[in-house]
Amino acid sequence: MERPRRSSRPVQVGNVQIGGGAPISVQTMTVSKTHEVETTLEEIERVADAGADIVRVAVPRPEDADALEDIVQGAPVPVVADIHFNYQYALKAIEAGIHKVRINPGNIGKREWEREVLEAAKEAGVPIRIGVNSGSLEEDILDKHGYPKPQALFESAMRHVEVCRRNDFEDIVISVKHSDPYMMIQAYRKVAEETDYPLHLGVTESGSLDTGTVKSSIGIGSLLADGIGDTIRVSLAADPVEEVKVGHRILKSLGIGRPGVNIIACPTCGRLVGDLFSVVEEVEEAVAEKSFDKNLDVALMGCAVNGPGEAEGADLGVSLGRGRAHFFKHGEVVDTVPEDEIVDTVLEAIENWDEEDESGDEDPAAGATGDGAPTGDEAADEDAAEATGVTKPDLPTS
């Protein structure tokens, strides 16, 4: 099924395109002091290795602005300078070769300063992200609305867009972040309806790795499912590497991320007859470590009742039985493996996945196992009876 995608104009950030139908990019932000160049570059390397497409650095001090040239030259991915109020830092960032500037043009003072920054950005081909947050709205807009309503975020963003337009600058990305996922969703929908600028999605101040992941998944995921959004940042009170991981998981869950292995696991119930938790944990850790670029769905199921049946859309997987598991491809059982070989079998299958597997063309005899074990529905029914004492038709689906 074709996924919806809002049409937006393209904006180039270094070698990464945002909008214009380009793949959705994942961003994060460093926590080190930008002027500590070596430390910052080491952090950028870590998040880039984790899959960050773009990295933002804070520029609150003159020494941070002075360090940007070294940061840009040493970074393996495009770098964004995060600047508030001081237009001179923005000029220094552009001169240093920064790939994008996050600044609200209407907050940097005099109109001639606005014009100077926008002219410099235009000449250098550097885009600007208008970054509106619920915690930093203009006083007059807050007075008008009473609190950071979605309409307030929209009005603030459009105020800064107007500054850009007034100076004939259209190379813009917009964000309207809120700490409340519902408010955030409504604000972005409004901007999406009224403009064609690419959108940077995020739930600001979302919280810890646990709570922030939930809030970000709701906010970012809801918009992406509707085709809204061109680049994302998961804002967590955690290591930026975790932000990148969660961002890619959100994309992968919606089937719109970069190629990679998607793990499907059943929620388990009283029919569980093996240590599925350990299997899932070990497979997920190994998949993350190996960074497979194969686009596969791998199902890890806790019993034969819902084994290949509920995961028949998966490319490959296992369904546990007592002391063993059925191994299946494209919903068809092709082998039976001992419990202590499950993880290795799954990982070996991922490693060896090729075009023949991808097409689903299996050898008709492939379902016959060396030990004469039954296959397909027959195997599932046998394990179900052995594990629970009742046959498959008598069991509810999970």
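On a predicted model such as this, the values are computed, not experimentally measured, just so you know.

Draft legend 1. Examining unusual backbone geometry more closely. In this model, Phe 85 sits at a positive phi of 75°, which is unusual for a non-glycine residue. By secondary structure assignment, the location of Phe 85 is in the loop between β5 (79–82) and α3 (87–95). In this structure, Asp 168 is a non-glycine residue whose phi angle is positive, near 55°. If you trace the backbone, Asp 168 turns up in the loop between α6 (150–166) and β8 (172–177). Owing to a relative accessible area of 53%, Asp 168 belongs among the exposed residues under this scheme.

Draft legend 2. Highlighting the sheet that holds β8. With parallel pairing, eight strands are arranged side by side in an open sheet as β8-β7-β6-β5-β4-β3-β10-β9. Two strands in the sheet have a free side with no partner beyond their single neighbour: β8 and β9 (200–201). Relative to strand β3 (residues 25–29), helix α9 (residues 240–253) is tilted by about 160°, and along the sheet it contacts β3 and β10 (231–233).

Draft legend 3. Representation of the UniProt feature "binding site: [4Fe-4S] cluster" (unreviewed entry) in the protein in the model. Per the UniProt annotation, the sites labelled "binding site: [4Fe-4S] cluster" (unreviewed entry) are Cys 266, Cys 269, Cys 303 and Glu 310. For the annotated residues, spread through 45 residues, the largest C-alpha to C-alpha distance comes to 14.5 Å, consistent with a single compact locus. One can find Cys 266 in the loop between β11 (261–265) and α10 (276–290). When near neighbours in sequence (up to four residues on either side) are disregarded, Cys 266 contacts Leu 276, Leu 300, Met 301 and Gly 302. Mapped onto the elements, Glu 310 comes out in helix α11 (residues 307–310).

Draft legend 4. Spatial organisation of the sheet that holds strand β14 (residues 324–329). Taken together, five strands build an open sheet; the order of strands is β11-β12-β13-β14-β15 and the sheet is mixed. Two strands close off the open sheet at either side, each with one partner strand: β11 and β15 (332–338). Taken pair by pair, the neighbouring strands of this sheet meet at an average axis angle of 20°, ignoring direction. Sheet topology note: the strand β13 (residues 316–320)/β14 ladder contains five bridges and is antiparallel. Directly across from Ser 319, in β14, lies its bridge partner His 326.

Draft legend 5. Seen up close, the packing of helix α4 (residues 111–124) against α6. Relative orientation of the contacting elements α4 and α6 amounts to 70°, with a least axis distance of 10 Å. When the axes of α4 and α6 are compared, the pair comes out roughly perpendicular. Contact with α4, carried on its side by Arg 111, Glu 114 and Leu 118, involves Val 163, Cys 164 and Arg 166 of α6 and no other residues of that element. For the contact of α4 with α6, the residue count by class is three nonpolar, no polar and three charged.

Draft legend 6. Representation of α9 in the model. For α9, with 14 residues, the first-to-last C-alpha span of 20 Å sits near the 20 Å given by 1.5 Å per residue. Along α9, 10 of the 14 residues are buried, which leaves the element largely enclosed by surrounding structure. Every buried residue of α9 is accounted for by Pro 240, Val 241, Glu 243, Val 244, Val 246, Gly 247, His 248, Ile 250, Leu 251 and Lys 252. Close packing links the buried residues of α9 with β3, α1 (37–49), α8 (209–225), β10 and β11.

Draft legend 7. Spatial organisation of the layout of surface pockets. For the largest pocket, the calculated volume is near 900 Å³. What lines the largest pocket is a set of 23 residues, among which His 248, Arg 249, Val 261, Val 287 and Ala 288 lie closest to the centre. For the lining of the largest pocket, the secondary-structure elements that each account for two or more residues are α9, β11 and α10. Partitioned by chemical class, the residues of the lining of the largest pocket number seven nonpolar, seven polar and nine charged. Here the lining of the largest pocket spans two domains, and each of domain 1 (11–257) and domain 2 (262–354) adds at least three residues to it.

Draft legend 8. Representation of the environment of Tyr 182 within the structure. Residue placement: Tyr 182 occurs in helix α7 (residues 181–194). Relative accessible area serves as the criterion here: at 54%, Tyr 182 is assigned to the exposed category. Spatially, the C-alpha atom of Tyr 182 lies 9.6 Å from that of Ser 222, the residues being 40 residues apart in sequence.

Draft legend 9. Structural detail: a negative patch on the surface. A cluster of acidic residues, Asp 275, Glu 281, Glu 282, Glu 284, Glu 285, Glu 289, Glu 339, Asp 340, Glu 341, Asp 344, Glu 348 and Glu 351, forms a negative patch on the protein surface. Elements represented by at least two residues in the negative patch include exactly α10 and α12 (342–351). If you tally residues by element for the negative patch, the top one is α10, at five residues. A residue is classified by how much of its surface remains accessible, and Glu 281, at 47% relative accessible area, is partly exposed.

Draft legend 10. Here's a closer look at the confidence of the model for the protein. Of the residues in the protein, 87% have a pLDDT of 70 or more, and the chain-wide mean is 86. Here residues 361–398 is modelled with pLDDT under 50, and outside its nearest four sequence neighbours on either side it reaches 49 contacts, counting other chains as well.

The rules behind each value
Residues numbered from 1 in each chain as written. Predicted model: local features only at pLDDT ≥ 70, side-chain atom pairs only at ≥ 80, totals over all residues. Heavy atoms only, no water. Helix = DSSP H or I, 4+ residues; strand = E, 2+ residues; numbered from the N terminus. Buried < 20%, exposed > 50% of the residue type's maximum accessible area, 1.4 Å probe, protein only. Pairing = 2+ DSSP bridges. Contact = heavy atoms within 4.5 Å. Axes fitted to C-alpha atoms, helices over the stretch in contact; angles between N-to-C directions. UniProt positions renumbered as here; feature names shortened; annotations may be inferred. Parallel < 35°, antiparallel > 145°, perpendicular 65-115°, else oblique. Nonpolar A, V, L, I, M, F, W, Y, C, P; charged D, E, K, R; others polar. Expected span 1.5 Å × (residues − 1). 1 Å grid on protein atoms, 1.4 Å probe; cavity = no way out; pocket = protein on both sides within 12 Å on 5 of 7 lines; lining within 4 Å. Points joined across faces, edges and corners; volume = space filled by probe spheres on them. Domains from an automatic or database assignment. Patch = residues over 30% accessible without salt bridge, like charges linked within 9 Å, V, L, I, M, F, W, Y side chains within 5 Å. Areas by Shrake-Rupley, 256 points an atom, 1.4 Å probe, with all protein chains shown as cover. Salt bridge = Lys/Arg side-chain N within 4 Å of Asp/Glu carboxyl O. Lys, Arg positive; Asp, Glu negative; His and termini not counted. Charge placed at Lys NZ, Arg CZ, Asp CG, Glu CD. pLDDT = per-residue confidence, 0-100.

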